[in-house]
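Structure at a glance
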Amino acid sequence: LLCAKDIDASCKLESNYSFLQHYDNFKIKIFNESKSLSIISFYDEYPWKAWIIENVQIILEGYIYNFSIDDLESEINEIALRFSRNEEVNTLISNFVDNADGDFIVQLTDNKNNKSIVFNDYWGRLSFFYYSDITQFIAGREYKFFFDFLPKIEFNKLALVEYLML
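Residues numbered from 1 in each chain as written. Predicted model: local features only at pLDDT ≥ 70, side-chain atom pairs only at ≥ 80, totals over all residues. Heavy atoms only, no water.

Quick look at the pattern of salt bridges now. The tally for this structure, following the rule as stated, stands at 7 salt bridges. Its salt-bridge partner being Glu 78, residue Arg 82 comes within 2.6 Å of it at the nearest N-O pair. Residue Arg 82 and its partner Glu 78 are both found in helix H2 (residues 69-84); the two are separated by 4 residues, about one turn of the helix. A relative accessible area of 29% means that Arg 82 is categorised as partly exposed. A salt bridge links Arg 125 to Asp 103; the nearest nitrogen and oxygen atoms lie 2.7 Å apart. Taken together, the positions of Arg 125 in the loop between strand E7 (115-120) and strand E8 (129-132) and Asp 103 in strand E6 (residues 102-110) put the pair 22 residues apart, joining distant regions of the chain. Of the residues examined, Arg 125 reaches a relative accessible area of 42% and is grouped as partly exposed. It is possible to trace a salt-bridge network through shared partners that takes in Asp 103, Asp 121 and Arg 125. (Salt bridge = Lys/Arg side-chain N within 4 Å of Asp/Glu carboxyl O. Helix = DSSP H or I, 4+ residues; strand = E, 2+ residues; numbered from the N terminus. Buried < 20%, exposed > 50% of the residue type's maximum accessible area, 1.4 Å probe, protein only.)

The subject of this paragraph is the packing of aromatic side chains. Taken as a whole and judged by the stated rule, the model has 5 aromatic pairs. Ring geometry for Phe 96 against Phe 104: centres 5.7 Å apart, planes inclined by 75°, an arrangement best described as edge-to-face. Comparing Phe 96 with Phe 104 shows no difference in burial state: the two are buried. Consider the rings of Tyr 122 and Trp 123, whose centres lie 5.0 Å apart with planes at 85°: the pair is edge-to-face. Aromatic ring contacts, followed pair by pair, group Phe 67, Phe 96, Phe 104 and Phe 119 into a single cluster. Directly above the aromatic system of Phe 83 lies the positively charged group of Lys 115, at a separation of 4.4 Å from the ring centroid. (Phe/Tyr/Trp six-rings, centres within 6.5 Å; stacked < 30°, edge-to-face > 60°. Lys NZ or Arg CZ within 6 Å of the ring centre and 35° of its normal.)

This brings us to the nonpolar core. Ranked by internal contacts, the top residues of the largest apolar core, which has 23 residues, are Ile 58, Ile 64, Ile 76, Phe 96, Leu 108 and Phe 119. Those elements giving two or more residues to this core turn out to be strand E4 (48-53), strand E5 (56-64), H2, helix H3 (90-99), E6 and E7. Ignoring sequence-local partners within four residues, the contact set of Ile 58 consists of Lys 49, Ala 50, Trp 51, Ile 53, Ile 76, Asn 77, Ala 80, Gln 107 and Leu 108. (Core = buried A, V, L, I, M, F, W, Y, C linked by side-chain atoms within 4.5 Å. Contact = heavy atoms within 4.5 Å.)

Moving on, we come to H3. Owing to its 3.6 residues per turn, the α-helix aligns residues three or four sequence positions apart on the same side. Those residues of H3 that fall on the buried side of the exposure criterion are Ile 93, Phe 96 and Val 97. All buried residues of H3 lie within an arc of 95° about the axis, which places them on one face of the element. In the core, the buried residues of H3 are packed alongside E5, H2, E6 and E7. (Arc of directions from axis to C-beta.)

Another point: the layout of surface pockets. Considering only enclosed or pocket space, the largest pocket measures out at about 670 Å³ in volume. Taken together, 16 residues form the lining of the largest pocket, with Tyr 143, Phe 147, Glu 154, Phe 155 and Leu 160 sitting closest to its centre. For the lining of the largest pocket, the elements supplying multiple residues, two or more each, are E8 and helix H4 (157-165). The class makeup of the residues in the lining of the largest pocket is 13 nonpolar, 1 polar and 2 charged. (1 Å grid on protein atoms, 1.4 Å probe; cavity = no way out; pocket = protein on both sides within 12 Å on 5 of 7 lines; lining within 4 Å. Points joined across faces, edges and corners; volume = space filled by probe spheres on them. Nonpolar A, V, L, I, M, F, W, Y, C, P; charged D, E, K, R; others polar.)

With respect to the element layout, Gln 107 can be found in strand E6. Since its relative accessible area comes to 1%, Gln 107 is described here as buried. Here Thr 109 takes part through its side chain, which lies 2.8 Å from a polar atom of the side chain of Gln 107. (Polar contact = N/O pair within 3.5 Å; in protein donor to acceptor, adjacent residues only side chain to side chain.)

Structure follows, in structure tokens:
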């Protein structure tokens, strides 16, 4: 999963997305609305789902074992609708994550209000990296494609040590 905010970065990403295909059997799905771009790289059996409710693009990557599809969509739709109405969603997200058993990342992109939110399972079992500044937001499962879009690269030595200690 890759998501980017900022139309200039999105255009650049869209023209270079083929490197996200790890193997020949991988496919790419692009979701491009207004100033945001989301790309998912997957193989046929990979668990992911995307849908739209009102103005919110929802992408679920991974699998949640203890919710039916209907219950899962209902829970995420409620979060998405409140997010689009600028209502408080932290408690809903926290409750969802506390109760969802699985390995997952959920991305909500409100194209009308030009905002996104991403959350994952309690243990963060699917890797997730992000960069954010005043003009752009880039997030994804792999950091290798970030480098072309960053204004500069700096290393946080403490963060590197913590990462290597995992």
